[in-house]
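# A structural walkthrough
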Amino acid sequence: MELKKIIELLSYTLPSIITGIIAYLFFLTHIKSEEKKLKISLLKENQKESLPIKLQAYERMTLYLERINPSKLLIRVTSINNDKSAYVISLISTIEQEFEHNLTQQIYISDKCWSIIITSKNATMQLIKNTSEETSVTTAQELREAVLQKSLNRTSPSNTALAFIKDEVKNFI
């Protein structure tokens, strides 16, 4: 008689236990699925909010590169007294000030892009310094002409960096 009661008890409890386990597994997968959906929606929302900020950072760095392009920099920054040394200092200081003004943009720009921008800045400053050290250049006006001539003969560092920025922006739009 006792075996009959145990079998009867098992016949009631075993389906309940199996149903409970199935329900637990179902709700567990459902909860995981909902968590994934929530993470994806939060990620999309973050991307919607951060994309305009990133684009603005790339725009500012594009403007910076345009402003330090030797052909535009030499037009914008003029020599007051035709002193070559003072003009070199003025040009390099303008490049550095512009860079410092945009320093925070590195948060929103890829590391590779940022290093290319720094390389472009340094190459532009080096171009100005090297040209000023040439013996044929004695005045600020001659320096301007020599730097412009060198800029025309080869691609400026700014243009190389601008091409990289354009490619990078195309990849995440």
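In this report, we go over the structure that sits alongside the text. Bear in mind the structure is a predicted one, so any value in this text is a computation, not a measurement.

### Comments concerning the environment of Gln 141
Along the chain, Gln 141 falls in helix H5 (residues 140-153). C-alpha separation for the pair Gln 141 and Tyr 12, spaced 129 residues apart in sequence, amounts to 101 Å.

### A word on the side chain of Asn 102
When you line up the elements, Asn 102 lands in the loop between helix H3 (84-101) and helix H4 (111-132). Under the relative-accessibility criterion, Asn 102 is labelled buried at 4%.

### Side note on the packing of helix H1 (residues 2-68) against helix H6 (residues 157-172)
Helix-helix packing: each pair is described by the crossing angle between the helix axes and the interaxial distance. Put simply, H1 and H6 touch, their axes get as near as 9 Å, and they point 165° apart. By the angle between their axes, H1 is roughly antiparallel relative to H6. As H1 runs across H6, the sense of the crossing is left-handed. Across the interface between the two elements, Leu 51, Lys 54, Leu 55, Tyr 58, Met 61, Thr 62, Leu 65, Glu 66 and Ile 68 from H1 touch Ser 158, Ala 161, Leu 162, Ile 165, Glu 168, Val 169 and Phe 172 from H6.

### As for the environment of Asn 122
By the element assignment, Asn 122 lies in helix H4. As for Asn 122 and Pro 157, which are separated by 35 residues in sequence, their C-alpha atoms are 8.9 Å apart.

### Topic: the nonpolar core
Tyr 64, Leu 65, Ile 117 and Ile 165 are the most contacted members of the largest nonpolar core, which totals 31 residues. For this core, the secondary-structure elements that each account for two or more residues are H1, helix H2 (70-76), H3, H4, H5 and H6. Contact partners of Tyr 64, with chain neighbours within four places excluded, come to Ile 95, Glu 98, Phe 99, Asn 102, Ile 117 and Lys 121.

### Topic: the pattern of salt bridges
Inspection of every chain in the model, using the stated rule, returns 6 salt bridges. Glu 34 serves as the salt-bridge partner of Lys 37, at 3.8 Å between the closest nitrogen and oxygen. Of this pair, Lys 37 and Glu 34 both sit in helix H1, 3 residues apart, which is roughly one turn of that helix. For Lys 37, a relative accessible area of 52% translates into the label exposed. Put simply, Glu 66 and Lys 72 hold a salt bridge, and the shortest N to O gap is 2.5 Å. Several salt bridges converge on common partners, so that one network encompasses Arg 67, Arg 76 and Glu 98.

The rules we used
Residues numbered from 1 in each chain as written. Predicted model: local features only at pLDDT ≥ 70, side-chain atom pairs only at ≥ 80, totals over all residues. Heavy atoms only, no water. Helix = DSSP H or I, 4+ residues; strand = E, 2+ residues; numbered from the N terminus. Buried < 20%, exposed > 50% of the residue type's maximum accessible area, 1.4 Å probe, protein only. Axes fitted to C-alpha atoms, helices over the stretch in contact; angles between N-to-C directions. Parallel < 35°, antiparallel > 145°, perpendicular 65-115°, else oblique. Left-handed = near helix turned anticlockwise from the far one by under 90°. Contact = heavy atoms within 4.5 Å. Core = buried A, V, L, I, M, F, W, Y, C linked by side-chain atoms within 4.5 Å. Salt bridge = Lys/Arg side-chain N within 4 Å of Asp/Glu carboxyl O.

In short, the description is geometric, and any link to function would need to be established separately.
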